[in-house]
Amino acid sequence: MPMDRGLVVFVLAAAVLVGFASASPVLSGSAFQGSTGSTGRSLLQAKKSCPVNFEFQNYTIITSKCKGPQFPPKECCDAFKEFACPFSDYINDESNDCASTMFSYINLYGKYPPGLFASECRDDKKGLSCAGVTQKETATANAGQQAQNSLLALIILAFGLVALLSH
């Protein structure tokens, strides 16, 4: 059965458009902060993209417990740990942009003052300890990304079926 050239072009164009529509550019939070490491080289050292999609995480863990204008340190830090500890391996990896991306979304959804969690939440000189914090499965933590990928596949499949049935 010969394929219609118009059908092939239509399916490819639909796939490209869906791909562009699902892209979610994120401006890293570190772009708004001063240099905290070596001087002058940070622009030359590109970081890898974060493997965790923080766009679709559940931020109500933090926003329901950490409220202004006082932002009580114990409640805010406990909520922050509950949210962030499942991602600690990624957040602590300085070769990627997970920490800055996560803070960008926390500040976007919670409208927190800059540096709130960095200034209030410290267990020791190394940072926050995740000891005693219930860990989520990575699959649960990335459920939003999985849902987005499933939706994208469903949309592409639907376009393909419509294109096939219309000819």
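Here's a quick rundown of the structure. (Residues numbered from 1 in each chain as written. Predicted model: local features only at pLDDT ≥ 70, side-chain atom pairs only at ≥ 80, totals over all residues. Heavy atoms only, no water.)

1. Quick look at the state of the cysteines
As used in these notes, a disulfide is a covalent bond between sulfur atoms, one from each of two cysteines. Overall, the coordinates contain 4 disulfides when judged by the stated rule. Residue Cys-50 pairs covalently with Cys-98 via a disulfide, S to S 1.9 Å. An S-S torsion of about 95 degrees defines the bridge between Cys-50 and Cys-98 as right-handed. Separated by 48 residues along the polypeptide, Cys-50 in the loop between α1 (5-22) and α2 (60-63) and Cys-98 in helix α5 (residues 98-110) bring together distant segments of the chain. (Disulfide = S-S within 2.5 Å. Helix = DSSP H or I, 4+ residues; strand = E, 2+ residues; numbered from the N terminus.)

2. Thoughts on helix α3 (residues 73-84)
Taking 1.5 Å per residue as the helical rise, α3 with its 12 residues ought to reach 16 Å, and the 16 Å between its terminal C-alpha atoms agrees with that figure. Within α3, burial applies to Cys-76, Cys-77, Ala-79, Phe-80, Lys-81, Phe-83 and Ala-84. Where α3 is buried, its residues contact α2, α4 (88-91), α5 and α6 (116-120). (Expected span 1.5 Å × (residues − 1). Buried < 20%, exposed > 50% of the residue type's maximum accessible area, 1.4 Å probe, protein only. Contact = heavy atoms within 4.5 Å.)

3. Some words on the side chain of Gln-57
Topologically, Gln-57 is positioned in the loop between α1 and α2. In this structure Gln-57 comes out as buried when scored by relative accessible area, which is 12%. A distance of 3.0 Å separates a polar atom in the side chain of Gln-57 from the backbone oxygen of Asn-53. (Polar contact = N/O pair within 3.5 Å; in protein donor to acceptor, adjacent residues only side chain to side chain.)

4. Brief notes about the environment of Lys-65
By the element assignment, Lys-65 lies in the loop between α2 and α3. Sequence-wise, Lys-65 and Cys-76 are 11 residues apart; in three dimensions their C-alpha atoms are separated by 6.4 Å. Side chain to side chain, Lys-65 and Glu-82 meet in a polar contact 2.9 Å long.

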